[in-house]
Amino acid sequence: MADVMKDRITDIGPPHYDKFLPPVIKKNYGKWKYHEIPKPGVLVHVAEGGDKVFTVRAGTPRLLSTQSIRKFAELADKYCDGYLRWTSRNNVEFLLSDESKIDPLIKDVEAYGFPVGGTGASISNMVHTQGWIHCHSAATDASGVVKSVMDELFPYFNGEKKLPAKTKVALACCLNMCGAVHCSDIAILGVHRVAPKVDHENIGKVCELPTLIASCPTAAIRPAAVDGHKSVEIDEDLCMFCANCYTVCPACTLNDPLNDGVSIWVGGKVSNARTEPTFSKLAATFLPNNPPRWPEVVEAVKKIVELYAEGGRPYERVGEWVDRIGWPKFFDLTGFEFTKYHIDDYKLADKTLRKSMHFRR
């Protein structure tokens, strides 16, 4: 049935993925014996029959110009018979079967300004959201923070410095978490700290109040009369800063240059190797927005990476390292302040809370 469906031509859904596989991958699909990393940014997969496919990985920004995409396509045509792909973390991967073309390809990619790396026990390219450039609910920028952080951590991307295991870093510009911050080793998350400000005088002119009230997922918005105007009031204790209200009503402004900022989370992962997948946990509660280089955020992330590089055991992910040394020791090492916001009040939090009186340091 699957073979029949993949050959059908319809206007529903994308084409079947095997139409885009390189011949060597299609030939050996499901028959791969092992893979190795001959050098940073390069992978080789070896099939049971001896066939090899090489992957050259380069980091790219999430927002790419059409000129860059055309350039990558030209390089793929030149070296890879046109085969390339993007990963979920904004890496572009060129798929080759001719080993002799690897070094010339790397030379051309890096000459165009895109670094090769991010394989094995290193920091892969950061996945991130849209930030101030596109998103109306952003509490911080995305591209600017990512650029600043990766400039400082670049030696951990290109293989100059080693880490105990692969390390995924992510950024989401607000609590809606469109980026993979909930399941990344280190996560940067933009945070709002005050409820939306309501323009009571003009709200009735630009918004449908029933739609606005219905947009709130926590019922924090209710109708009210303010200074003779039909308006709404917001219960700040119920507000989760999701910006749904601002989405449907521009008279409910959420962004606040003074109170918006950044938090740092650690310990998430999707992999089930050695330990089960985990969600990230709060590390630094608030760091200020300080563009264009966000020095406080960069320093915090770099500190975590360097401590992990020094203290982590081989193949130990960031969350596993923190669990082994204990959270009290983690806060001692990083110097992050422990606050009431670190206490998990989720209704199922007792599944993960420390239930012993014995604390490791």
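Worth saying up front: this structure is predicted, and the values here are computed from it rather than measured.

Criteria and cut-off values
- Residue positions within a chain follow its written sequence, with the count starting from 1.
- In view of the model being predicted, local features appear only for residues whose pLDDT reaches at least 70, and side-chain atom pairs are presented and counted only at 80 or more, with totals across whole chains, interfaces and linings using the full set of residues.
- Excluded from the side-chain calculations are hydrogens and water; all other atoms, namely the structure's heavy atoms, are used.
- The helix and strand labels rest on DSSP assignments: H or I over at least four residues marks a helix, E over at least two residues marks a strand, and numbering proceeds from the N terminus.
- For every residue, the accessible area (1.4 Å probe, protein chains only) is compared with the maximum for its type, and the residue is labelled buried under 20%, exposed over 50%, or partly exposed between those bounds.
- The contact criterion used throughout is that any non-hydrogen atoms of two residues lie within 4.5 Å.
- With residues, only the protein chains shown are counted as cover, and all accessible areas are computed by Shrake-Rupley using a 1.4 Å probe.
- Think of it this way: Lys and Arg go in the positive column, Asp and Glu in the negative one, and His and the chain ends go nowhere.
- Throughout, a charge is located at the NZ atom of Lys, the CZ atom of Arg, the CG atom of Asp or the CD atom of Glu.
- Axes, fitted as lines to C-alpha atoms, cover a helix only where it is in contact. Angles between the N-to-C directions of the axes lie from 0 to 180 degrees.
- Every angle not falling under 35 degrees, over 145, or within 65 to 115 is termed oblique; those three ranges are roughly parallel, roughly antiparallel and roughly perpendicular.
- What makes a crossing left-handed is the near helix being turned counterclockwise from the far one by less than a right angle; a clockwise turn instead makes it right-handed.
- Under this grouping Gly is polar, as are all residues other than the nonpolar Ala, Val, Leu, Ile, Met, Phe, Trp, Tyr, Cys and Pro and the charged Asp, Glu, Lys and Arg.
- Note on ring pairs: Phe, Tyr and Trp rings are taken, using the six-membered ring of Trp, and paired if centres are within 6.5 Å. Classes follow the plane angle, with under 30 degrees stacked, over 60 edge-to-face and the rest tilted.
- By definition, being over a ring means that NZ of Lys or CZ of Arg is both within 6 Å of the ring centre and within 35 degrees of the ring normal.

A. Geometry of the overall build of the protein. When its secondary structure is counted, the protein shows eleven helices and 14 strands. Counting only C-alpha atoms and orienting by the principal axes, one finds that the protein spans roughly 75 × 60 × 45 Å. Looking at the protein residue by residue over its 361 residues, the buried ones come to 45%. Within the protein, contacts between residues separated by at least 24 positions form 64% of all contacts whose residues are at least 6 apart in sequence. On the protein, roughly 20,000 Å² of surface is accessible, and the fraction owed to carbon and sulfur atoms is 54%. Here the protein holds 45 positive side-chain charges and 44 negative ones, and the gap between their average locations is 5 Å.

B. Up close: the packing of helix α9 (residues 295-311) against helix α11 (residues 327-334). Running from N to C, α9 and α11 point in directions that differ by 120 degrees, and their axes come no closer than 10 Å. When the axes of α9 and α11 are compared, the pair comes out oblique. Along this stretch, α9 crosses α11, giving a crossing that reads as right-handed. Mapping the contact onto sequence places Lys303, Ile304 and Leu307 in α9 and Phe330, Leu333 and Thr334 in α11. A class-by-class count of the residues in the contact of α9 with α11 yields four nonpolar, one polar and one charged.

C. Spatial organisation of the packing of aromatic side chains. Within this structure, the stated rule accounts for 15 aromatic pairs. Pairing Phe331 with Phe338 gives two aromatic rings, centres 5.4 Å apart and planes at 90 degrees, and the pair type is edge-to-face. The class for Phe338 is exposed, based on a relative accessible area of 52%. Cluster of aromatic residues (ring-pair linked, three or more members): Tyr308, Trp321, Trp327, Phe330, Phe331, Phe336 and Phe338. Residue placement shows Lys71 over the ring face of Tyr112; its charged tip is 5.8 Å from the ring centre. For Arg193, the ring lying beneath its charged end belongs to Phe286, and the centroid distance is 3.6 Å.

D. Here's a closer look at helix α10 (residues 318-325). Among the eight residues in α10, six count as buried, and that is most of the element. Listed in full, the buried residues belonging to α10 are Val318, Gly319, Glu320, Trp321, Val322 and Ile325. Along its buried surface, α10 packs onto β13 (261-266), α9 and α11. Following α10 by one or two positions, Gly326 adopts a phi angle in the positive range, close to 95 degrees.

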